[in-house]
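Here are the chains, one letter per residue:
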Amino acid sequence: MTRQRILREKKTAEKMTAIYCKANHKIDSGLCSECKDLLNYVQKRLDHCFFGERKPVCGKCPIHCYQKEMREKITTVMRYAGPRMIYKHPVLAIDHIIRSLKKVPVLKK
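The paragraphs below set out a description of the structure included in this document. (Residues numbered from 1 in each chain as written. Predicted model: local features only at pLDDT ≥ 70, side-chain atom pairs only at ≥ 80, totals over all residues. Heavy atoms only, no water.)

With that settled, the discussion passes to the side chain of Glu9. In this fold, Glu9 is placed in helix α1 (residues 4–24). A relative accessible area of 7% means that Glu9 is categorised as buried. With near-sequence residues (within four places) excluded, Glu9 lies in contact with Leu46, Lys55, Val57 and Arg99. (Helix = DSSP H or I, 4+ residues; strand = E, 2+ residues; numbered from the N terminus. Buried < 20%, exposed > 50% of the residue type's maximum accessible area, 1.4 Å probe, protein only. Contact = heavy atoms within 4.5 Å.)

Here is the structure:
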């Protein structure tokens, strides 16, 4: 089974976190320890996503798999970096926009 969607989500999260960290934590290269921890958490959650390759964008997901504190942190990162993604990583940004318009998978009991 290919994991293309999960890999793309990880790459998007990585790019967004880098944009946010560079601007807000004034790191010249790489990520600060707080942003590294957040990115590691996001990637771990993506590895264990219930939906796998049918995964919706996190904002539309019916399952909230992030702890409250981490959800607040990634929301802050996304709100800052999201609008800037269109200039820095247009392919990832457009792909994310298109996927956010798609129907969310239904949970089966």
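Back to the text.
The next thing to look at is the packing of aromatic side chains. Scanning the entire structure with this criterion turns up three aromatic pairs. Ring geometry for Tyr20 and Tyr80: centres 5.8 Å apart, planes at 80°, overall edge-to-face. Taken together, the residues Tyr20 in helix α1 and Tyr80 in helix α3 (residues 68–88) connect sequence positions 60 residues apart. For Tyr20, a relative accessible area of 15% puts it in the buried group. Here Tyr80 falls in the partly exposed class, since its relative accessible area comes to 23%. Its end group placed over the ring of Tyr80, Arg84 keeps NZ or CZ at 3.7 Å from the ring centre. (Phe/Tyr/Trp six-rings, centres within 6.5 Å; stacked < 30°, edge-to-face > 60°. Lys NZ or Arg CZ within 6 Å of the ring centre and 35° of its normal.)

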